[in-house]
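Read off the chains here:
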Amino acid sequence: MDATDGPPIIKLGVEDAIAGLALSTEAHWNQTEEDWRVFLRDGVVFGIRDGARLVATAALLPYSGNNAWISMVLVSATHRRRGLATRLVDACLETARRNGLTSWLDATPDGANVYGPLGFTPTLQLRRLKLKKSAQASAPVPSAATLEALCARDRRATGFDRTALLTAFAQRSGSRIVTANGCIALVRDGRTARHIGPLFANHAAEALALIHAIAGSEDRPLLLDAIASQGALLEGLIASGWTIERPFQRMRFGPATIAAEEMPFAVAGPEFG
């Protein structure tokens, strides 16, 4: 699994959650300690240490239907440009290959330039948006929805069965599942902002109305990862004060394994960054 040169790759355990959180915090990601515990408990997380200090990670989280998600690819600023991320992603891919899994990941533009030559195929273009603070506190509070309804809609839209993952996030303190006019969304805590997604709707106007209602009932900054091809949604969000923080690219390594029945308006990958 590991090359003979350079520090060895090790498998991490739940006791490494705080060390992982230090890496994602350094990168200004939105993960919490609980997020890390999900990956360390339910997936395989590889790491590299410099002495006692954890300096690089990558995780592989199994999904249904012979799929897995590569995420938490992080390298401390002091150890970048040494090939550590490539080695860790290779370890994830080798583990996926041995288990017959198709691998997925979300990549920044720089990351996509690395993963493309490794054999990853682009799928969805995404945009990370942020609302610093809602100015519409008068919006009605959206109605609560069930976890079962969210998971069913998620399966139809993504082709994945993410019941275990969505359950872990939905059952946390502060999480809520909301619905209005046929739309449904998960809202949950992050380290510095609340995160909306996944969000499913039949039309952009209905999605925007639900997002508006969520924002009007929240007092913290909000993040949302929108599908780039949902132009009406993006335009409506920007007009209401949301700003695009960065683009990113969903990519696949291996054969196509899913057939989604509908296109989500906003997604939440397992990284929930």
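Note that the structure is a prediction, hence the values are computed from the model and not measured.

Enquirer: Which residues make up the packing of helix α5 (residues 147-158) against helix α6 (residues 163-170), and what are the values?
Expert: One can describe the packing of α5 onto α6 by two numbers: an axis separation of 10 Å at closest approach and a directional angle of 140°. Relative to α6, α5 is oriented oblique. In the crossing of α5 with α6, the sense of the turn from one axis to the other is right-handed. In this structure, α5 uses Leu147, Leu150, Cys151, Asp154 and Arg155 to contact α6, whose residues at the interface are Thr163, Leu166, Thr167 and Ala170. Looking at side-chain class alone, the contact of α5 with α6 contains five nonpolar, two polar and two charged residues.

Enquirer: Hey, could you go over the pairing of strand β6 (residues 121-131) for me, with residue numbers and the actual values?
Expert: In terms of strand pairing, β6 meets strand β12 (residues 243-253) through eight bridges, oriented antiparallel. From the neighbouring strand, Pro122 faces β12, where its bridge partner is Met251. Note: β6 against strand β11 (residues 222-227), six bridges, orientation antiparallel. Its bridge partner being in β11, Leu131 is matched across the sheet by Leu222.

Enquirer: How would you summarise helix α8 (residues 231-239) if you had to cite specific residues and measurements?
Expert: Within α8 the residues assigned to the buried category are Leu233, Leu234, Gly236 and Leu237. Here the buried residues of α8 occupy an arc of 165° about the axis, which is enough to place them on one side. Exposed residues pointing more than 90 degrees away from the buried face of α8 are listed as Glu235 and Ala239. Gly241 sits one or two positions beyond α8 and adopts a positive phi of about 110°.

Enquirer: Help me get a handle on the packing of aromatic side chains, residues and values and all.
Expert: Here the structure, examined in full by the defined rule, presents seven aromatic pairs. Ring centres 6.2 Å apart and planes at 15° place the aromatic pair Trp69 and Trp104 in the stacked group. Of this pair, Trp69 sits in strand β4 (residues 67-75) while Trp104 sits in strand β5 (residues 102-107), placing them 35 residues apart in sequence. For Trp69, a relative accessible area of 2% translates into the label buried.

Enquirer: Tell me about α5, residues and numbers included.
Expert: Residue pairs spaced three or four apart in an α-helix point in one direction, given the helix's 3.6 residues per turn. An ideal rise of 1.5 Å per residue puts 16 Å on twelve residues; α5 measures up with 16 Å between its terminal C-alpha atoms. Inspection of α5 places Leu147, Leu150, Cys151, Arg153, Asp154, Ala157 and Thr158 among the buried residues, and these make up the whole buried set. Within α5, the buried residues cover an arc of 165° as seen down the axis, which keeps them to one side. Looking at the buried residues of α5, the elements they touch are α6, β8 (176-180), β9 (183-188) and β10 (194-200). Within two residues after α5, Gly159 carries a phi angle of roughly 85°, on the positive side.

Enquirer: Can you explain unusual backbone geometry? Please cite residues and give values.
Expert: Pro198 follows Gly197 through a cis peptide bond whose omega is 5°. Assignment of secondary structure puts Pro198 in strand β10. Backbone geometry places Asn66, a non-glycine residue, at a positive phi of 60°. For Asn66, the position within the fold is in the loop between β3 (53-62) and β4. Located in the positive-phi region is Arg81, a residue other than glycine, with phi close to 65°. Along the polypeptide, Arg81 turns up in the loop between β4 and α3 (84-98).

Enquirer: Pulling in residues and values, what's your account of the domain arrangement of the protein chain?
Expert: Each domain of the protein chain was delimited in the assignment, giving domain 1 (9-124) and domain 2 (127-253). For domain 1 and domain 2, the distance between their C-alpha centres works out to 24 Å. Each partner contributes residues to the interface: domain 1 has 35 residues there, and domain 2 has 23 residues. Here domain 1 packs against domain 2, burying approximately 2700 Å² in sum over the two surfaces, 58% of which is carbon and sulfur. Of all residues in domain 1, the largest losses of buried area upon contact with domain 2 belong to Asn30, Tyr63 and Leu124, amounting jointly to 24% of the total for that side. Taken together, the connections running from domain 1 to domain 2 amount to four salt bridges. For Arg188, the salt bridge identified is with Asp35, shortest N-O distance 3.3 Å.

Cut-off values and rules
Residues numbered from 1 in each chain as written. Predicted model: local features only at pLDDT ≥ 70, side-chain atom pairs only at ≥ 80, totals over all residues. Heavy atoms only, no water. Axes fitted to C-alpha atoms, helices over the stretch in contact; angles between N-to-C directions. Helix = DSSP H or I, 4+ residues; strand = E, 2+ residues; numbered from the N terminus. Parallel < 35°, antiparallel > 145°, perpendicular 65-115°, else oblique. Left-handed = near helix turned anticlockwise from the far one by under 90°. Contact = heavy atoms within 4.5 Å. Nonpolar A, V, L, I, M, F, W, Y, C, P; charged D, E, K, R; others polar. Pairing = 2+ DSSP bridges. Buried < 20%, exposed > 50% of the residue type's maximum accessible area, 1.4 Å probe, protein only. Arc of directions from axis to C-beta. Phe/Tyr/Trp six-rings, centres within 6.5 Å; stacked < 30°, edge-to-face > 60°. Expected span 1.5 Å × (residues − 1). Domains from an automatic or database assignment. Buried area = accessible area lost by both parts, 1.4 Å probe. Salt bridge = Lys/Arg side-chain N within 4 Å of Asp/Glu carboxyl O.

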